Amino acid sequence: MSLVIESLSAEVGEGGERIRVLHDVSFRIEAGTLGAVLGPSGSGKSTLLRCIAGLHPTVSGTVRSGSRDLHGVPPERRRIGLVPQDGALFPHLTVGENVAFGLTRSGRRSRRVEELLDLVELPGMAGRLPHELSGGQAQRVALARALAPAPDVVLLDEPFSALDATLRGAVREQVRRALAETGTTAILVTHDQTEALSIADRLVVLNDGAVRQVGSPQEVYEHPVDLWTGRFVGEAITVAGQADGIRVTTPLGDLQLENPALGPVAVLVRPEQVHLVDGPGTAARVVTVDYFGHDALVQLDVAGGAGIRISARLATPVTLHEGDTVRIRIADRVLAYPEP
Amino acid sequence: MPAVVAAIPLGYLVLRLSQSDPERLLASLWRTRTLELAANSLGLSATVAIGCLVIGIPTAWAITRLRLPLPGLWRAVATLPLAIPSYVAAFAWVATWPGLSGFWPTAAVMTLACAPYVTLPVAAALTMADSRYADAARTLGADPTRVLLRVTLPRIAPAAAAGALLAALYTLADFGAVSILRFETLTWGVHSAFEGSLDRVLAAALSAVLVTMAFVFVAVEQLMRRRAARVVPATGAEPTTLSGTPRSRVIAIAGLLLVAALSIGIPLGALVVRLVGGVGIEFDWPRLAESTASTLGLGVAGAAVAVILALPIATLAARYRSTVGALLESVAYLGHVVPGVVVGLSLVVFTLSIAPALYQTVFALVFAYGVLFLPKALGSSRSAIQSVPPALEDTSRTLGLGRLTTWWRVTARIAIPGIAAGGLLAAVTAMKELPATLMLRPIGVETLATELWQKTAIAAYGAATPYAIALVIVASIPTFLLARSGYRS
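The rules behind the values
Residues numbered from 1 in each chain as written. Chains lettered and ligands numbered in written order. Predicted model: local features only at pLDDT ≥ 70, side-chain atom pairs only at ≥ 80, totals over all residues. UniProt positions renumbered as here; feature names shortened; annotations may be inferred. Helix = DSSP H or I, 4+ residues; strand = E, 2+ residues; numbered from the N terminus. Buried ≥ 20, exposed ≤ 12 C-beta atoms within 10 Å, placed from the backbone. Contact = placed C-beta atoms within 7 Å. Pairing = 2+ DSSP bridges. Axes fitted to C-alpha atoms, helices over the stretch in contact; angles between N-to-C directions. Nonpolar A, V, L, I, M, F, W, Y, C, P; charged D, E, K, R; others polar. Core = buried A, V, L, I, M, F, W, Y, C linked by C-beta atoms within 7 Å. Parallel < 35°, antiparallel > 145°, perpendicular 65-115°, else oblique. Left-handed = near helix turned anticlockwise from the far one by under 90°. Domains from an automatic or database assignment. pLDDT = per-residue confidence, 0-100.

- Identification of chain B as ABC transporter permease from Pseudolysinimonas yzui is taken from an unreviewed UniProt entry.
- You can read under Sequence similarities (unreviewed entry) in the UniProt record for chain B the words "Belongs to the binding-protein-dependent transport system permease family."

- Going by an unreviewed UniProt entry, chain A carries the name ABC-type quaternary amine transporter and comes from Pseudolysinimonas yzui.

Shown next as structure tokens:
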């Protein structure tokens, strides 16, 4: 079932102290796909999720699930499941009883609970109590519980943020597989760019309660609509430049433009666009080297260049040390935006 | 809705008061007798408050700051007086020395009974006020006396003041102990105006004076409590170091033993001696059994009413931070402020003029218990409901359960231990209740408290003793259970 949000606005607080936290939010998630709402903390992500679930009142706008307009429909009749931030398993019920919570009586008698526990790769755990589970297990039980009544849409609120980094990737993969197997439409909110880019079919970038951009992760990363979005979805630096339509002159050299621009502009450069060269290029001095194993992020001060510091992502092994002088070149086309 | 129900009797009393002949009302208010009773109440409350400070602060200091043998024992001993209803203590003293009566014996008995109201919050404040402030003051050149006066006392002062006001409020509302020790206060005045002369206008006028004083006490107490709450423990505070020279420890132990002997030892000892001495004397056991049964039944029914009234208010107050919720909650706390004798009177007046069929029935009495002990049920239900994460309720809603089903299957299910603890507290307090029970009980129904009171009134001390012991047992149930569950009020 597709999910369509149209000019949704919402407020928090009460009485005279109401603050508008969502402004005319619109986007569409196709049936059976996974959408990610990405935004910094305080951008209104969680409120958006609660509005979709019917747990928070909207000021205006519509939420449609398939052909159903959900205006005025209470949460228990929306057929929208929720996986809260830390799982929020009912502490007084076993894992099996948690999963069965939203099932009808006949559903509880069938093999549905075991099927769902198999789906999230926790077979035979039905008798456990929530406090006996690890964080990743609790998160997967919460997903099984949300999927049990076969909802049209499942909402996931920062589902992986409480897990440690090594576990996060594995749980993310299990969740994605479970959602794909059941063909459930899902929306995940997160402030983690890597997570959003890697898991989502469609990305919604939210800032200060307003949608900045909607698109596939690749579109948003490669063609951000503005400088803020470009810097938010991935590491980037900006340098000032003078554009002549198809090329731009910057302290990093004469670069080819991805988008036509004219006059003074801000140019977005991502670390993976910076290459070390042997031949002609801009001279730079190595400031720090952050080693990550699969690659390294090198901070460089551009020589003679008005205090410009850029970072370069280099494949390992990296033999550079602090103080080394290198030559760099920006290989690909760059994006330019009007000067902020 | 439940808050309105709780406020009806009192509101009705105010209405009746405003409708009565103003001249007669003024005459009742300005009688020398009324002023005398008010002065007695005020004087007694003030004396008890001061007495509680004098006993409570040093006790708290000794149990938190001195290295004493068996520290757990001393803490328990300091709490134990709460398990002896003040009228039982008064009974034990009078039964042993029948001549005791008047202001000073009453003040002494009430002080010994109420001292824990100061001891416990001051001990808590002393535990929180970590020693780094005292250490800093010492390095700034202050001697220990100056540190005590300038650093430590100001930090515990709000807690001590709030505790002393609570003791004063308790004394103001007390009916049993002042009656047994024959000291005439406002509560006694309300009761005798009602019982003796059936003068309801006078009784209502005295009640109005009593309730006004109680509201002033509570207002100041709340103010002090908010100040006390500001003394938050510094993070990573060092636990206070226990100290004390051998001489100071000996003095402290002697003092603690003396207070314990006076507040617990002598009353309990007197009861046990009487009971043992009374073995073989004819005693009406079926009557004791009967009144125990009716005490239990009435207490449980009253607690049930209190919990039923409390749950909607607790849910509103815990989940919705609205002005309405806050207002409802403060109305519900009326039972904490209004003395039992006034709630009793207001229900008598209310049933007689609105629903005469209910006058002197179990319903009116159980309802009075519900109103009086609603705060006991409310406090712990509210915090239990507040501790249920809202995310659980949200999840339940998205899983297809309605608001009420969610409340029943998730919120109430998880909060049940707290709700039950509140109900137990209400039940046990209701079982000790004296003045409202005296005024509202159906003819022929007696509770442990009314039996003790009546037998004491005719100086039948031997016959009263088993009732006193039964009451001490009832009263120690919450102290025991709450201590076991680590509950802090």
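Things to note about the overall build of chain B
- The helix and strand tally for chain B stands at 22 helices and zero strands.
- Here chain B holds 489 residues, and 47% of them are scored as buried.
- Long-range contacts, defined here as pairs at least 24 residues apart, represent 84% of the contacts in chain B between residues at least 6 apart.

Points about the sheet that holds strand 13 (residues 274-276) of chain A
Residue and element names in this part refer to chain A.
- Taken in spatial order, the five strands line up as 13-17-14-15-16 in an open sheet, and their pairing is antiparallel. Of all strands in the sheet, those bounded by a partner on one side alone are strand 13 and strand 16 (309-315). Taking the axes of each pair of neighbouring strands and ignoring which way they run, one obtains an average angle of 50° across the sheet.
- By the bridge criterion, three bridges tie strand 13 to strand 17 (residues 325-330) in an arrangement that is antiparallel. When the sheet's bridge partners are listed, V274 is paired in strand 17 with I330.

Some points on the sheet that holds strand 11 (residues 237-250) of chain A
Residues and elements named next belong to chain A.
- Strands sit in the order 11-12-18 across an open sheet of three strands; the sheet is antiparallel. Unpaired on one side and paired on the other, strand 11 and strand 18 (335-338) mark the two borders of the sheet. Neighbouring strand axes in the sheet, compared pairwise and without regard to direction, differ in orientation by 50° on average.
- Of the pairings in the sheet, the one linking strand 12 (residues 253-269) to strand 18 comprises four bridges and is antiparallel in character. Within strand 18, the residue paired with L268 across the bridge is L335.

Some remarks on the interface of chain A and chain B
- Listed by partner, the interface residues are 17 residues for chain A and 15 residues for chain B.
- Top contributing element to the side of chain A that touches chain B by residue count: strand 6 (residues 80-83) of chain A, with three residues.
- The class makeup of the residues in the side of chain A that touches chain B is eleven nonpolar, four polar and two charged.

Looking at the nonpolar core
- Formed by 222 residues in total, the largest nonpolar core has its most connected members in L155 of chain A together with F91, A167, A306 and A368 of chain B.
- Each residue touching A167 of chain B, except ones within four places of it in the same chain, is listed here: V48, A49, C52, C114, Y117 and V118 of chain B.

Some thoughts on the packing of helix 13 (residues 285-319) of chain B against helix 19 (residues 403-432) of chain B
Residue and element names in this part refer to chain B.
- The N-to-C vectors of helix 13 and helix 19 enclose an angle of 135°; their axes lie 8 Å apart at closest approach. When the axis of helix 13 is compared with that of helix 19, the two are oblique. Between helix 13 and helix 19 lies a crossing whose hand is right-handed. Residue-level inspection shows T295, L298, G299, V300, G302, A303, A306, V307, A310 and T315 of helix 13 in contact with helix 19, the latter providing W407, I419, G422, G423, A426, A427, V428, A430 and M431.
- When the residues that make up the contact of helix 13 with helix 19 are grouped by side-chain class, the tally is 13 nonpolar, six polar and no charged.

Here's the deal with the domain arrangement of chain B
Residues and elements named next belong to chain B.
- By the assigned domains, chain B splits into domain 1 (1-13 + 283-489) and domain 2 (31-277).
- Every contact between the two is made by 29 residues of domain 1 and, on the other side, 33 residues of domain 2.
- Going through the elements one at a time, helix 16 (340-354), helix 20 (435-440), helix 21 (448-457) and helix 22 (461-484) are the ones with two or more residues in the side of domain 1 that touches domain 2.
- Tallying contributions element by element places helix 22 first for the side of domain 1 that touches domain 2, with twelve residues.
- For the side of domain 1 that touches domain 2, the per-class residue count stands at 22 nonpolar, six polar and one charged.

Observations regarding the environment of P121 of chain B
- Inspection of the secondary structure assignment puts P121 of chain B in helix 6 (residues 103-128).
- With 64 residues separating them in the primary sequence, P121 of chain B and I57 of chain B have C-alpha atoms 9.6 Å apart.

Some points on the confidence of the model for chain B
All names here are of chain B.
- Of the residues in chain B, 89% have a pLDDT of 70 or more, and the chain-wide mean is 82.
- The element-level mean pLDDT for chain B is lowest in helix 7 (residues 131-139), coming to 68, with helix 18 (residues 390-398) highest at 91.
- Counting contacts from residues 234-238, a segment whose pLDDT is below 50, to residues more than four positions away or on other chains yields seven contacts.
- Across the assembled chains, the prediction reports ipTM 0.77 with pTM 0.75.

A few points about the pairing of strand 3 (residues 34-38) of chain A
All names here are of chain A.
- For strand 3, the tally of buried residues reaches five of five residues, placing the bulk of the element in the interior.
- Judged by which residues are buried, strand 3 turns out to be covered on both faces: L34, A36 and L38 on one side and G35 and V37 on the other are all buried.
- Here strand 3 pairs with strand 8 (residues 185-190) via five bridges, running parallel. By the bridge assignment for strand 8, L34 is matched with A186.
- Here strand 3 pairs with strand 9 (residues 202-207) via four bridges, running parallel. Note that in strand 9 the partner of L38 across the bridge is V205.

Focus on the environment of T79 of chain B
All names here are of chain B.
- Relative to the assigned elements, T79 resides in helix 4 (residues 71-79).
- Given 16 C-beta atoms within 10 Å, T79 falls into the partly exposed group.
- In this structure the C-alpha to C-alpha distance between T79 and Y117, which are 38 residues apart in sequence, comes to 8.8 Å.

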